[in-house]
Amino acid sequence: METLIQLFTILLSTIKDVMPIIVIIFGFQLLVIRRPIPHLKRVLIGFVYVIVGLALFLLGLDKALFPIGELMAQQLTDPDFIRGSVATADETLHWSDYYWVYIFAFAIGASTTIAEPSLIAVAIKANEVSGGAIGVWGLRLAVALGVAVGISLGTWRIVTGYPIHWFIISGYIFVVIQTFFAPKLIVPLAYDSGGVTTSTVTVPLVAALGLGLASTVPGRSALIDGFGLIAFASLFPMITVMGYAQITEMVAARDRRKREEMVNKE
C-alpha cells in the first residue's frame, strides 16, 4: 500500500511536470501553425505511455538505483574495507589504497552509459542520418569509455583533494584543440554525446558514489568535494568520441592508400 501511494504521488508529480510540454506542443500546433494534430488519438495514447513510464521509472530509481548506489559507495569507501592491506588502523591511507573505488567507478561509468536511454536514442538517430557511417555500437562504446575514464579520474581527484577546476579547464582546452583536428561530421555529435550521458541512469549512481567517497575520505567535504563527478562524465565523452572519429578516419585513409598503391603496382 505504501508503494502504491508513493506511485500515485509520483504519477501526479509527473503529470504536473509534463503538462507544460503538452500545453506548448498543442498550443503551437493549434494557435501558431493552425492545423489539426495528425493522429490525435495515437498522440494522446503516447503521452499517457510517457507519463506512466516516467512515473514507474522514477519509482524504480527511488526503490532500486538510489539505494544500490548509496550502499555500494558506503561499502567501497568504508575505511575498514579499504584498510584490508594496511597494517594498523592508525596508518594513513594513500590514494593508491582506494584502487577498488577507481575500478568500480570505471565499471559503473561504462555500464550505466551503455544502458543510458538518451544515448541509445542519439546513437540510433546518428546512424540513420549518416547513412550507417556512424555505427550505433561504435558511438555507444566510445561514449562509455569516456564516461568510465572521466568518473575514475574524478574519484581520484576526490581522494587526492586536487581542485576540480584544474581538471575541467585543462580538459576543455584539450577539447577545443581537438575540435580543430577532428572530422567536422563528428564534432557536433561529440558535443551532444557529452550531454546525453548525464541522464536518468548515470546520475543517481555517480552522485551517490561521489558523496559517499567524499564523506569517508579524511579531510574531504561532501559539499565541496562530493559533487563534480557529473562534470567529468560530461567532459571526457567529447574527447573519446572525437578520438574515435579521428582513429576511424586514419584507418580509412590508410586503407585507401594501400588500395591505391596496389592499383598503381598493377
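Residues numbered from 1 in each chain as written. Predicted model: local features only at pLDDT ≥ 70, side-chain atom pairs only at ≥ 80, totals over all residues. Heavy atoms only, no water.

Where like charges cluster on the molecular surface, the positive patch consists of Arg254, Arg256, Arg257, Lys258 and Arg259. Of note, Arg254 is situated in helix H10 (residues 229–265). A relative accessible area of 42% places Arg254 in the partly exposed class. (Patch = residues over 30% accessible without salt bridge, like charges linked within 9 Å, V, L, I, M, F, W, Y side chains within 5 Å. Areas by Shrake-Rupley, 256 points an atom, 1.4 Å probe, with all protein chains shown as cover. Salt bridge = Lys/Arg side-chain N within 4 Å of Asp/Glu carboxyl O. Lys, Arg positive; Asp, Glu negative; His and termini not counted. Charge placed at Lys NZ, Arg CZ, Asp CG, Glu CD. Helix = DSSP H or I, 4+ residues; strand = E, 2+ residues; numbered from the N terminus. Buried < 20%, exposed > 50% of the residue type's maximum accessible area, 1.4 Å probe, protein only.)

Applying the stated rule across the entire model yields one salt bridge. Note that Glu128 and Lys125 form a salt bridge whose closest N and O atoms lie 3.7 Å from each other. Residue Glu128 and its partner Lys125 are both found in helix H5 (residues 117–129); the two are separated by three residues, about one turn of the helix. A relative accessible area of 52% means that Lys125 is categorised as exposed.

A few words now on unusual backbone geometry. The backbone of Arg34 shows a phi angle near 60°, a positive value even though the residue is not glycine. Within the fold, Arg34 resides in the loop between helix H1 (2–32) and helix H2 (40–76). Exposure remark for Arg34: the relative accessible area of 68% places this residue in the exposed category. If you check the backbone angles, His39 has positive phi at about 55° while not being a glycine. Looking at where His39 falls in the secondary structure, it is placed in the loop between H1 and H2.

Bringing the UniProt feature "transmembrane region" (unreviewed entry) in the chain into the picture now. If you check UniProt for "transmembrane region" (unreviewed entry), the listed places come out as residues 6–31, 43–61, 99–124, 136–158, 164–182, 194–214 and 226–247 in our numbering. From the first C-alpha to the last, residues 164–182 spans 26 Å; its make-up is 95% helix and 0% strand. (UniProt positions renumbered as here; feature names shortened; annotations may be inferred.)

Turning to the packing of aromatic side chains, a few remarks are in order. This structure, assessed with the given rule, holds seven aromatic pairs. Residues Trp156 and Tyr162 carry aromatic rings whose centres are separated by 5.5 Å and whose planes lie at 40° to one another, so their mutual orientation is tilted. The partly exposed category is assigned to Trp156, whose relative accessible area is 23%. A residue is classified by how much of its surface remains accessible, and Tyr162, at 37% relative accessible area, is partly exposed. Judged by centre distance (6.4 Å) and plane angle (10°), the ring pair of Phe232 and Phe236 falls under stacked. Separated by four residues within a single helix, Phe232 and Phe236 lie in helix H10, roughly one turn from each other. A relative accessible area of 1% places Phe232 in the buried class. Phe236 sits in the buried class, given a relative accessible area of 17%. Put simply, the rings of Trp156, Tyr162, Trp166, Phe167, Phe232 and Phe236 touch in pairs and so form one group of aromatic residues. Its end group placed over the ring of Trp137, Arg140 keeps NZ or CZ at 4.2 Å from the ring centre. (Phe/Tyr/Trp six-rings, centres within 6.5 Å; stacked < 30°, edge-to-face > 60°. Lys NZ or Arg CZ within 6 Å of the ring centre and 35° of its normal.)

With respect to the helices and strands, the residue Gly135 is situated in the loop between H5 and helix H6 (136–160). Look at Gly135 and you get partly exposed, because its relative accessible area is 23%. As for Gly135 and Ile124, which are separated by 11 residues in sequence, their C-alpha atoms are 8.4 Å apart. Apart from the residues lying within four places of it in its own chain, the contact partners of Gly135 are Asn127 and Tyr244. (Contact = heavy atoms within 4.5 Å.)

Running from amino to carboxyl end, H5 crosses H6 at an angle of 140°, the nearest separation of the two axes being 8 Å. With respect to H6, the axis of H5 lies oblique. In this structure, the crossing between H5 and H6 has a hand that is right-handed. Facing Leu119, Ile120, Ala123, Ile124, Ala126 and Asn127 of H5, the residues of H6 in contact are Val136, Leu139, Arg140 and Val143. Residues of the contact of H5 with H6, tallied by class, amount to eight nonpolar, one polar and one charged. (Axes fitted to C-alpha atoms, helices over the stretch in contact; angles between N-to-C directions. Parallel < 35°, antiparallel > 145°, perpendicular 65-115°, else oblique. Left-handed = near helix turned anticlockwise from the far one by under 90°. Nonpolar A, V, L, I, M, F, W, Y, C, P; charged D, E, K, R; others polar.)

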